[in-house]
Amino acid sequence: MLTREVLAGLVVGLALIPEAIAFSVIAGVDPKVGLFSSFIMAVSIAFLGGRPAMVTAATGAVALVIAPVAPTYGMDYFIATVILAGIFQVILGVLGVAKLMRFIPRSVMVGFVNALAIFVFSSQFPQLIDVPWLVYPLVALGILVMIVMPRITKIVPAPLVSVIIVTAVVLTMGIAVPTVGDQGELPRSLPSLFLPDIPWTWETFGIIAPFALGVALVGLMESLLTAKLVDEITDTHSNKTRESWAQGVANMLSGFFGGMGGCAVIGQTMIGVKASGARTRISTFCAGLFLFVLVVVFGNFVGTIPMAALVAVMIMVAIGAFDWHSVKPSTLKRMPKSETFVMVATVVLVLLTHNLAIGVVGGVLVASVLFVRRVAHFVSVTRSVSGDSVTYVVDGELFFASSNDLTTLFSYSEDPSRVVVDLSRSHVWDASTVAALDAIETKYAALGKTVEIVGMNDASERMRGRLTGGFE
């Protein structure tokens, strides 16, 4: 158990290095900023986080949001933005933003996972284009090792064995290929306390707040979705509220030590949880610890690891993370078209905007519209005439989408003088429905006919009593 967690942390720590360097470049800062951020956030979230085994570090999503700050305003404003983003996340966490996760349907989650898998895979392209031809057989070797190794033994994580074997081949044969050291300078010392030298004014707040809020929202969304994904893989529950404010504290600590901030990283989390079998906080702590030891103490050795070895690991992570069941012809045939459309829409939005938050929010909006459209058609009205009265029985949930057509389902001129509207099999949910009922009464009154609305439950009666007659 302990051995598995420690080895998983080692593999994840290795995988964090090139990603942290690459994300630093995206954010327009020195590579060591991303490495420090990954170290501090991984260690702090191991103690504070609400989802054991989930890895938090520098991420591309956060880097894309915060990228304009450093080149435009300087490093001090950049760090202040990271700290403010952490404060926002703590506030949102305390306010219970994690509870909004219940409104994200499964189809959006599948789209999120598939889009992330595509992102992880496509992010390896720069390491596969315009490189020596020997990179390709090395990547193939790494993938082959990870396919075969689990069939031999699962005691040692396959990604770690793959990295060791590919690195050994490159060093013993003297093969000249891109290495981790080529991606940027590795730090040689502990991070030091960094207090941003900025004017503490409302003008400064106005500059950094929009970027900070974007980082906070994107980071929380990606972290909570990743936590939910790990919950499903491990068949365990996590404390999403704790994870929310813990992400904020981790970002604040990252900022105060000169880091770029971040959130949960799906790729490295999948390496730990899915590929290496990690299940506890020990693996997350070890990931941060090994990252620090590897880049500071053994920086020269780590620098010799070929990028091909890490590319192979990330390709297998992408393949493993993608929900292949969701795109099987049998699944697509059986699944409602609306569910498939929402999944595809989420993937497309993420890929077009390069922003997970936009993709997920867009997916939820599409799912909501389709749901409302479907539910709106479930309302039916049955008409029965008895002597000098007519009874309309309304069956279904009445809200803005379904009640807009309610007024067209009555035969105003043909009905006798007494009209009974039976709502015992329905529920009034909003003001639109109350307004529709008022309109029905008004139309009958104009024809000299009386309307009696009966059968409403207590909640519907209270809403109508409060709102009726207030729309003119």
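Look up a bit, the structure's there.
For the structure given in this document, a descriptive report is provided here. Just so you know, these numbers come straight off a predicted model, no measurement behind them.

## Overview of the overall build of the protein chain
- Summing up its helical and strand segments, the protein chain has 20 helices and six strands in all.
- The principal-axis extent of the C-alpha atoms belonging to the protein chain is close to 100 × 60 × 40 Å.
- Across the 472 residues that make up the protein chain, the buried fraction comes to 54%.
- When contacts within the protein chain are restricted to residue pairs at least 6 apart in sequence, long-range pairs at least 24 apart make up 84% of them.
- For the protein chain, the computed accessible surface area is about 21,300 Å², with 66% contributed by carbon and sulfur atoms.
- A gap of 9 Å separates the mean positions of the 29 positive and 30 negative side-chain charges of the protein chain.

## Quick word on the sheet that holds strand β3 (residues 380-386)
- With respect to topology, four strands assemble into an open sheet ordered β3-β4-β5-β6, the strand pairing being mixed. Since the sheet does not close on itself, it has two edges, and those belong to β3 and β6 (450-454), each with one partner. Geometrically, the sheet is characterised by an average inter-axis angle of 20° between neighbouring strands, direction not taken into account.
- Set on the sheet, helix α19 (residues 431-446) makes contact with β4 (389-398), β5 (418-428) and β6; between it and β5 the angle comes to about 175°.

## Here's the deal with the layout of surface pockets
- Taken as a whole, the largest pocket holds about 720 Å³ of empty space.
- Considering the residues around the largest pocket, the lining is formed by 29 residues, among which E19, F23, G60, F119 and S123 are closest to the centre.
- Those elements that place two or more of their residues in the lining of the largest pocket are α1 (2-27), α3 (60-66), α6 (106-122), α11 (266-275) and α14 (307-321).
- Ranked by the residues each element gives to the lining of the largest pocket, the list is headed by α1, at five residues.
- Taken together, the residues that form the lining of the largest pocket break down as 17 nonpolar, 10 polar and two charged.

## Things to note about the nonpolar core
- Counting 86 residues, the largest nonpolar core has I17, L35, I104, V139, I271 and I305 as the members making the most contacts within it.
- Here this core gets 12 residues from one element, more than from any other, and that element is α14.
- V62, A85, M260 and C263 belong to the second largest nonpolar core, which has 31 residues in total.

## Some remarks on the side chain of S460
- In this fold, S460 is placed in helix α20 (residues 458-467).
- Overall, S460 belongs to the buried group, its relative accessible area being 1%.
- Beyond its immediate stretch of four places on either side in the chain, S460 contacts H427 and V428.

## Considering the packing of helix α8 (residues 158-173) against α14
- For the pair α8 and α14, interaxial distance at closest approach is 8 Å and the crossing angle is 155°. As summarised for this structure, α8 and α14 are arranged roughly antiparallel, according to the angle between their axes. Judged by the twist between their axes, the crossing of α8 over α14 is right-handed. Taking contact as the criterion, the partners of P159, V163 and V166 in α8 are, on α14, A309, L310 and V313.
- Here the contact of α8 with α14 is built from residues that sort into six nonpolar, no polar and no charged.

Reading the values: rules and limits
- Residues numbered from 1 in each chain as written.
- Predicted model: local features only at pLDDT ≥ 70, side-chain atom pairs only at ≥ 80, totals over all residues.
- Heavy atoms only, no water.
- Helix = DSSP H or I, 4+ residues; strand = E, 2+ residues; numbered from the N terminus.
- Buried < 20%, exposed > 50% of the residue type's maximum accessible area, 1.4 Å probe, protein only.
- Contact = heavy atoms within 4.5 Å.
- Areas by Shrake-Rupley, 256 points an atom, 1.4 Å probe, with all protein chains shown as cover.
- Lys, Arg positive; Asp, Glu negative; His and termini not counted.
- Charge placed at Lys NZ, Arg CZ, Asp CG, Glu CD.
- Pairing = 2+ DSSP bridges.
- Axes fitted to C-alpha atoms, helices over the stretch in contact; angles between N-to-C directions.
- 1 Å grid on protein atoms, 1.4 Å probe; cavity = no way out; pocket = protein on both sides within 12 Å on 5 of 7 lines; lining within 4 Å.
- Points joined across faces, edges and corners; volume = space filled by probe spheres on them.
- Nonpolar A, V, L, I, M, F, W, Y, C, P; charged D, E, K, R; others polar.
- Core = buried A, V, L, I, M, F, W, Y, C linked by side-chain atoms within 4.5 Å.
- Parallel < 35°, antiparallel > 145°, perpendicular 65-115°, else oblique.
- Left-handed = near helix turned anticlockwise from the far one by under 90°.

Worth remembering: the numbers are spatial, not functional.
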